[in-house]
Amino acid sequence: MAVEEQRAGSRVSRPEIRLVRRGFTDPAKAVRLLDGPGLEGLADDPVLLDALGATADPDLALLGLARLLEAADEPERHTLRDTLTTSKPLRDRLLGVLGVSTALGDHLARHPHDWHALVTFELRDMHPGPEDFRRALADGVKEDALSPANALRVAYRRCLLAIAARDLTGTTDLAQTAAELADLAGATLQTALDLAAEQDPEAAAACRLAVIGMGKCGGRELNYVSDVDVIFVAEPREGVDEHEAVKAATRLAAALTRLCSDTTGEGTIWPVDANLRPEGRNGPLVRTLASHLAYYQRWAKTWEFQALLKARPVAGDTELGAAYVQALAPMVWQAAARENFVADVQQMRRRVVDSIPAPELDRQLKLGPGGLRDVEFSVQLLQLVHGRTDPALRSGNTLEALAALSRGGYVGRADAASLDAAYRFLRSLEHRIQLHRLRRTHLMPTAEEDQRRLARSLAALINDDTRSDPVAALQREWKRHAVEVRRLHEKLFYRPLLDAVAELPHGAAGLTPDAARARLEALGYADPAAALRHISALASGVSRKAAIQRTLLPVLLGWFAESADPDAGLLNFRQVSDALGRTPWYLRLLRDESAAAEQLARVLSAGRLAPDLLLRAPEAVAMLGDPQGLLPRGRAALQSEVLAAVGRAGSTAAAVAAARSVRRRELFRTAAADVLGRLGEDPAEALDTAGEALTALNAATLQGALRACTAGWEAEHGDLPTRIAVIAMGRFGGHELGYGSDADVLFVHEPLLGSLEQEAARAAQAVCNELRTLLAAPSTEPPLLVDADLRPEGRSGPLVRTLASYAAYYRRWSHAWESQALLRAEPVAGDEELGARFRQLIDPLRYPGAGVPERDLVEIRRIKARIEAERLPRGADPTTHTKIGRGGLADVEWTVQLLQLRHGHEVPALRTTRTRAALAAAADAGLVEPADAEVLEAAWVLASRVRSAVMLVRGRPGDSFPGDARELSGVARYLGYGVGHSGELVDDYRRTTRRARAVVDRLFYGAG
């Protein structure tokens, strides 16, 4: 303190320096207070000054003491001064409260006699219970017969003062303090109910009313300042009509609520919150027990059963309260068997975090990441899963339940101890913050003086020296506990599953196989026995590989559980790990790059297509660790790689296989990016990106296969006597390919100068046939089916025609539907000049200068109607079939194509192979109302996305929603719907396509 004296110099007196040494920050003011009324003669009392210096805020403690002594009458002041100087326990309790709580200091200044509560409660019982508090409150109410409500509030704060004093001096620990606060709340509710009954004896005579404590009150872990959550249940007394009894009980419950929540006089005690009741604030305030049971049996959501875990009778009719808890308990402990139970609980937790305002996120002790709610949710989740079969876990108190989970082997002892310590610290920090002004808050204050006071009051709980820099010590301790809570919250539910099947060190959690299966089943695993076998295969043993897997699996299991098919995710991970487990970089990548591990988990559990592609060449996992690894590659880069791979191959078959290998890897890249949401935030943008990527990939593959087959023919026969071009048709030509789309094409060739046309035709036929065969041949690589059925004369016509032959056919025999099909024709591979000439040939057919003759319009509409009537698969629902169904892809595309045929010659923007671009051009040209264009586009985008989702989830193409519930859930998840909302997807699809069909009827069929 020599430094402090030097800084003070001549400006600071010797008494002030002594005060600075004791922790006072405003020594001048402290000297004035010590010289003021009530404190005369105490300024030089080292015992008192040391006691003040030991408080959390010596300045605040001294100010509160001065105000108390000034407010007391002379005899009271004398008694208090004597007690302060002679009784260390009382001195520590009183100054401890005054050094932390401005609000309780204000209370003592208004009611100076209440300092005696620090003595009477201490002498009566070290740990007062509900009856002690009820007597104290009843006695307080009797003191003011004219205003019993105000007297209740005064008596409540008197009891609160005693609880805070024991808490701040270490006489009680956090658990006991929170229990006393809950007991005081119960006693207050009972006293308020008694007062309400006195004011309305008619109502009291008509009903039995029980008050059920919920939340922290029910769990006997209440805060200093908190809403008190309750549920009211009533029954009629003998001879009273049930309806009248409920009305009477509602009057009593409302009066109780007003007595506790009213802000007049001494101010509110705390708000009584009954919103956890059935139907929340929209439901009746009071119900009978039978009405409660009926609601929970039929309508209650998962979170409501989670809330009931803490239900406890706290006031009113004890027999009725016990009956309520006993009747509902079986439902609570079967809640984990509900569909999507864990997902519902986890989703609710995520919603809580998402609702926190951004500026408060880093200050939230309760709701933020690593906060109190993380501990509570983890414990409650484990209780509800394992409490079905283990009654020892059925406690509403977080710390008691955590200890039971540890004793039962459901949580490792070290993890339980860490969570216990963190919870006690965070709750104690929350208590100290609330005590200051008795305000309901869970935010860390930002002012340095507030944090300093908190640090000094919690010095015993901080594993650091708080004397030199208390604020820094507090911040370090808080962050340490928050990080530990978040880590344990993420692994707690999954780590013990490993312990159940792997040889882990002594002291880890010891789930029995049955308990492990129950936990996996609650997480959504359909085959928990198989899941345990996979976990065992991955994590058992003492190898480095097994050790890393034990680190990874707790988090991976959680990511799998968040998907629509956790079993598939875990199985796929095992298969990938078996394939790559000996590869040095694989496990290192997942261990060191958490983003890569999460991406892999999401991909492996999102459906069958991406995992199937990955399992054929697991080394593609590496692209998940590259920030640019999931960006689709352009056509030029793909074509260059494919042609290089083809050039290195030793045979035609090997060359095409190399091209297919590149395609498989790039299919995985696009599919993985799609399921991870990397193709664009807007669904239409993502759909376009995927379509462009798949189109570029198939074009590059065809280019490579054509090069390989041409080289193979030339190796056997000499130079190819013709040029070949490949024309994309359908969705391929429209750059709108899905994952399950065939490659619709036309083949065109032109004999080289001097070549015989017949020989050129045979060569072109041979090359194109081999191309189709090799691309579709059975292989470890996914096939590319090349469909040429849109050629002239269909399957009956030659596979390859010359350009002149196409010209002759289209001139003499072309039908309206062929002109329509050519709207999407675009050269994609082979001879570029020949492809360009083919485009010049067909432009007059697809954009006829005179428009479309009426007979052709009639024919197109007739064909469309016939397709709808005859080609819908048997048993398919026309309202959900994405291709031919009402308002589906065909409806939108035929409508757009009709507009192109009729107006393409006069509106250049319509001359595009892309559906959405043509629809936008039609709207811009005034051919379609913007609102109608928007409806058609929405239906087309949604139907296309559903088709892509079906292929991604099932691994095979489909035009209807899957019948399997899990597959349908996967489709819904891909489309952004939450767990359990698959039905909403189907409803939204029907609504969207129904609106589109109405537009199609007007624009295409001319109806209305």
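In this report, the structure presented in the accompanying data block is examined. The structure displayed is predicted, hence computed values, not measured ones.

Some remarks on the pairing of strand β6 (residues 722-728)
At step 1: Burial of β6 is extensive: six of the seven residues sit out of reach of the surface.
At step 2: Here β6 runs beside strand β7 (residues 743-751); their pairing, made up of seven bridges, is antiparallel. Paired with T722 across the two strands is P751, which belongs to β7.

Here's the deal with the packing of helix α43 (residues 915-924) against helix α44 (residues 930-954)
At step 1: The interhelical angle for the contact between α43 and α44, taken along N-to-C directions, is 175 degrees, at an axis separation of 10 Å. The orientation of α43 with respect to α44, classified from their angle, is roughly antiparallel. Between α43, through T915, R916, L919 and A923, and α44, the contact on the second element is made entirely by A933, L936, E937, W940 and V941.
At step 2: Taken together, the residues of the contact of α43 with α44 sort by class into six nonpolar, one polar and two charged.

Some remarks on the environment of Q380
At step 1: Relative to the elements of secondary structure, Q380 occurs in helix α20 (residues 372-386).
At step 2: Sequence-wise, Q380 and S395 are 15 residues apart; in three dimensions their C-alpha atoms are separated by 9.6 Å.
At step 3: Residues contacting Q380, with those up to four places away along its chain left out, are Q306, L309 and K310.
At step 4: Among the polar contacts made by the side chain of Q380, one reaches the side chain of Q306 at a distance of 2.8 Å.

Quick notes on empty space enclosed by the protein
At step 1: Tallying each qualifying case throughout the model produces five cavities of 30 Å³ or more.
At step 2: In this structure, the largest cavity spans a volume of roughly 50 Å³.
At step 3: Lining the largest cavity, in full, are R663, L667, L694, N698, L737, G738, Y739 and S741.
At step 4: In terms of residue class, the lining of the largest cavity is made up of four nonpolar, three polar and one charged.

Looking at the packing of aromatic side chains
At step 1: Overall, the coordinates contain 11 aromatic pairs when judged by the stated rule.
At step 2: Ring geometry for Y295 and Y296: centres 5.4 Å apart, planes at 80 degrees, overall edge-to-face. With respect to class, Y295 is no different from Y296; both count as buried.
At step 3: Here the aromatic rings of Y296 and F305 are separated by 6.0 Å at their centres, their planes lie at 55 degrees, and the arrangement is tilted.
At step 4: Residue Y296 is classed as buried on the basis of its relative accessible area, which comes to 3%.
At step 5: In textbook terms, an aromatic cluster arises when at least three aromatic residues are bridged by ring pairs, as seen for Y806, Y809, Y810 and F838.
At step 6: A cation sits over an aromatic face here: K479 above W478, 3.9 Å from the ring centre.

Rules of the game
Residues numbered from 1 in each chain as written. Predicted model: local features only at pLDDT ≥ 70, side-chain atom pairs only at ≥ 80, totals over all residues. Heavy atoms only, no water. Buried < 20%, exposed > 50% of the residue type's maximum accessible area, 1.4 Å probe, protein only. Helix = DSSP H or I, 4+ residues; strand = E, 2+ residues; numbered from the N terminus. Pairing = 2+ DSSP bridges. Axes fitted to C-alpha atoms, helices over the stretch in contact; angles between N-to-C directions. Parallel < 35°, antiparallel > 145°, perpendicular 65-115°, else oblique. Contact = heavy atoms within 4.5 Å. Nonpolar A, V, L, I, M, F, W, Y, C, P; charged D, E, K, R; others polar. Polar contact = N/O pair within 3.5 Å; in protein donor to acceptor, adjacent residues only side chain to side chain. 1 Å grid on protein atoms, 1.4 Å probe; cavity = no way out; pocket = protein on both sides within 12 Å on 5 of 7 lines; lining within 4 Å. Points joined across faces, edges and corners; volume = space filled by probe spheres on them. Phe/Tyr/Trp six-rings, centres within 6.5 Å; stacked < 30°, edge-to-face > 60°. Lys NZ or Arg CZ within 6 Å of the ring centre and 35° of its normal.

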